[in-house]
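# Structural overview
Residue-level listing of the chains:
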Amino acid sequence: MTLHRFALSYERFCRLVCRLVVIHALAVTYSLAGFVIFGIFPAMEAVVRLQRRERMQEEPLLLRQLPTVLWAEWRRCAVGANLRGWSIGGIGLMLAWEYQAMNVLGVGVAGYLCAGLLLMLMVFLYLTWANAAFLTSHLTLSPSQVVLMSGSMVIARPLVSLLSIVVSVAWAALAYTLPALLIVLGGAPVLYCLSYVRWTLGKVPGTHSHAYEIKEDTCGLPYAISPTR
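### Looking at the packing of helix H4 (residues 109-138) against helix H5 (residues 143-156)
- Between H4 and H5, the shortest axis-to-axis distance is 8 Å and the interhelical angle comes to 120°. What the angle tells us is that H4 and H5 run oblique. The hand of the H4/H5 crossing is right-handed. Within the contact between the two elements, H4 uses Phe 124, Leu 127, Thr 128, Asn 131, Ala 132, Leu 135 and Thr 136 and H5 uses Val 146, Met 149, Ser 150, Gly 151, Met 153, Val 154 and Ile 155.
- Among the residues making up the contact of H4 with H5, the classes are represented as 9 nonpolar, 5 polar and no charged.

### Focus: a nonpolar patch on the surface
- A grouping of Val 28, Leu 32, Val 36, Ile 37, Phe 38, Ile 40, Trp 86 and Leu 93 is seen on the molecular surface, where their side chains present a nonpolar patch of about 750 Å² in accessible area.
- For the nonpolar patch, the secondary-structure elements that each account for two or more residues are helix H1 (2-33) and helix H3 (66-105).
- You can call Phe 38 exposed: its relative accessible area is 53%.

### Brief notes about the confidence of the model for the chain
- For the chain, mean pLDDT is 86; residues scoring 70 or higher make up 89% of the total.
- When the elements of the chain are averaged for pLDDT, strand S2 (residues 226-227) gives the smallest value, 44, and helix H6 (residues 158-177) the largest, 95.

### Thoughts on the packing of aromatic side chains
- With the rule as written, the count across this model stands at 6 aromatic pairs.
- With a centroid separation of 6.3 Å and an interplanar angle of 20°, the aromatic rings of Phe 6 and Tyr 10 are classed as stacked. With a gap of 4 residues between them, Phe 6 and Tyr 10 both fall in helix H1, about one helical turn apart.
- In this structure Phe 6 comes out as exposed when scored by relative accessible area, which is 55%.
- With a centroid separation of 5.1 Å and an interplanar angle of 85°, the aromatic rings of Phe 41 and Trp 86 are classed as edge-to-face.

### A word on the environment of Gln 51
- When you line up the elements, Gln 51 lands in helix H2 (residues 40-57).
- Classification of Gln 51 by relative accessible area gives buried; the value is 9%.
- For the pair Gln 51 and Leu 61, spaced 10 residues apart in sequence, the C-alpha to C-alpha distance is 9.4 Å.
- Once residues within four sequence positions are removed from consideration, Gln 51 is found in contact with Tyr 192, Ser 195 and Tyr 196.

### Here's the deal with the pattern of salt bridges
- All told, the structure shown has 5 salt bridges when counted by the stated rule.
- Among the salt bridges present, the one from Arg 19 reaches Glu 54, with a minimum N-O distance of 2.0 Å. Residue Arg 19 is located in helix H1, and its partner Glu 54 is located in helix H2; the two are separated by 35 residues in the primary sequence. As far as burial versus exposure is concerned, Arg 19 and Glu 54 are alike and both buried.
- Linked through salt bridges whose partners overlap, the residues forming this network are Arg 53, Glu 73 and Arg 76.

About the criteria used
Residues numbered from 1 in each chain as written. Predicted model: local features only at pLDDT ≥ 70, side-chain atom pairs only at ≥ 80, totals over all residues. Heavy atoms only, no water. Axes fitted to C-alpha atoms, helices over the stretch in contact; angles between N-to-C directions. Helix = DSSP H or I, 4+ residues; strand = E, 2+ residues; numbered from the N terminus. Parallel < 35°, antiparallel > 145°, perpendicular 65-115°, else oblique. Left-handed = near helix turned anticlockwise from the far one by under 90°. Contact = heavy atoms within 4.5 Å. Nonpolar A, V, L, I, M, F, W, Y, C, P; charged D, E, K, R; others polar. Patch = residues over 30% accessible without salt bridge, like charges linked within 9 Å, V, L, I, M, F, W, Y side chains within 5 Å. Areas by Shrake-Rupley, 256 points an atom, 1.4 Å probe, with all protein chains shown as cover. Salt bridge = Lys/Arg side-chain N within 4 Å of Asp/Glu carboxyl O. Buried < 20%, exposed > 50% of the residue type's maximum accessible area, 1.4 Å probe, protein only. pLDDT = per-residue confidence, 0-100. Phe/Tyr/Trp six-rings, centres within 6.5 Å; stacked < 30°, edge-to-face > 60°.

Shown next, in the form of structure tokens:
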């Protein structure tokens with residue numbers, strides 16, 4: 001029985017790795033379709049939407065279905081993903097520039113404190129983007145609701161934020177040690193893990209049951225939200 005379970009677990013692991021390789025290859029292809037600049041953020045959000053679709057239908061898509069579904073999701077979120085991604089990414093790049101300047105100049109304790117604050121702000125922006133990518137794939141939200149809910153979720157769901165940081169840092173360290181993993185798998189494992197954490201621990205309406213009625217507000221926000229189909 002133990003050997004049988006090991007064989008089944010090994011088969012599931014191999015299937016997952018092959019699936020991530022295919023998804024990464026498709027994401028790179030669709031990023032190139034948007035000339036990278038306008039394709040990378042839709043490609044990443046399309047991966048999140050793909051996992052959400054599989055969760056909702058409670059069974060994984062076939063490999064031959066992945067190109068069509070991922071392309072449809074890429075087209076559906078292209079405009080919004082670019083607006084969210086480059087807005088947050090632009091601010092993050094400016095903060096990264098200031099962070100690097102603070103470290104290079106070395107202006108004493110105050111400089112290091114400012115550098116630490118800038119690092120915390122960059123992490124906050126990263127988590128906000130991850131929350132926005134998940135929420136917009138699962139819920140119908142206005143732009144102001146996306147900003148408020150994504151930002152507040154960073155604070156209101158500390159376990160989700162902590163696990164997101166741990167997963168991202170662990171994958172970055174692993175990819176730095178074994179660069180071939182980044183070539184073969186890219187960011188697909190991280191996106192899947194970030195989505196899984198938010199699906200299981202985010203307490204977002206519609207992620208734990210098929211009942212979509214909201215009995216209490218999410219993250220303390222006083223407005224109703226309806227899930228998308």
